[in-house]
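# Secondary and tertiary structure notes
Listed here are the chains, written in short residue letters.
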Amino acid sequence: MSVSFALIAEVARIGGKPLVYEDLLDMDLDDVLTLEAEVMGVGDGQQNFPSPAALHKEAEDQSQPRPSSDLSLSASPSQS
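A short tour of the structure in this document, coming up. It should be emphasised that the depicted structure is a prediction, and the values quoted were computed from it without experimental measurement.

## Here we look at the overall build of the protein
- Check the secondary structure of the protein and you find four helices and two strands.
- When the helices and strands of the protein are read in sequence order from the N terminus, they spell out α-β-β-α-α-α.
- Taken over 80 residues, the protein has a buried fraction of 16%.
- Within the protein, counting contacts between residues at least 6 apart in sequence, those at least 24 apart form 30% of the total.
- Accessible surface, the protein: about 6900 Å² in total, of which carbon and sulfur atoms supply 54%.

Structure follows, in structure tokens:
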């Protein structure tokens, strides 16, 4: 949890002013969870923290066929 708080403090700004770790400790849990969701890219405002590398990788992954996850043998084993 402390790593997450440190990341939020590093990238988030409120009213144009940076946060410090201790500011997050004083916040209501709902506010901290909202900030965490935004910073981690799972909130409604994903456009606030775009990740061009992630978008590029996603586009590459979609353009290539996925390998089958079926590891079963195509033929039945011979009976002795």
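So much for the structure itself; the text now carries on.
## Describing helix α1 (residues 2–11)
- Those residues of α1 not exposed but buried are S4, F5, I8 and A9. Along the long axis of α1, the arc covered by the buried residues comes to 135°, so they all point the same way. For α1, exposure combined with an orientation more than 90 degrees from the buried face picks out V3 and E10.

## A short note on helix α3 (residues 29–40)
- The terminal C-alpha atoms of α3 lie 16 Å apart, and with 12 residues this matches the ideal 16 Å at 1.5 Å per residue to within 8%.
- For α3, every residue scored as buried is listed here: V32, L35, E38 and V39. Angularly, the buried residues of α3 cover 125° about the axis, an arc narrow enough to put them on a single face. Pointing more than 90 degrees away from the buried face of α3 are the exposed residues L29 and D30.
- Backbone geometry just downstream of α3 places G41 in the positive-phi region, at approximately 85°.

## Regarding the nonpolar core
- Ranked by size, the top nonpolar core spans nine residues in total: F5, I8, A9, A12, L19, L24, V32, L35 and V39.
- Elements supplying a minimum of two residues to this core: α1 and α3.
- Beyond its immediate sequence surroundings of up to four residues, L24 is in contact with F5, I8, A9, L19, V32 and L35.

## Points about the environment of V11
- Tracing the backbone through its elements, the reader meets V11 in helix α1.
- Residue V11 is classed as partly exposed on the basis of its relative accessible area of 36%.

Cut-off values and rules
Residues numbered from 1 in each chain as written. Predicted model: local features only at pLDDT ≥ 70, side-chain atom pairs only at ≥ 80, totals over all residues. Heavy atoms only, no water. Helix = DSSP H or I, 4+ residues; strand = E, 2+ residues; numbered from the N terminus. Buried < 20%, exposed > 50% of the residue type's maximum accessible area, 1.4 Å probe, protein only. Contact = heavy atoms within 4.5 Å. Areas by Shrake-Rupley, 256 points an atom, 1.4 Å probe, with all protein chains shown as cover. Arc of directions from axis to C-beta. Expected span 1.5 Å × (residues − 1). Core = buried A, V, L, I, M, F, W, Y, C linked by side-chain atoms within 4.5 Å.

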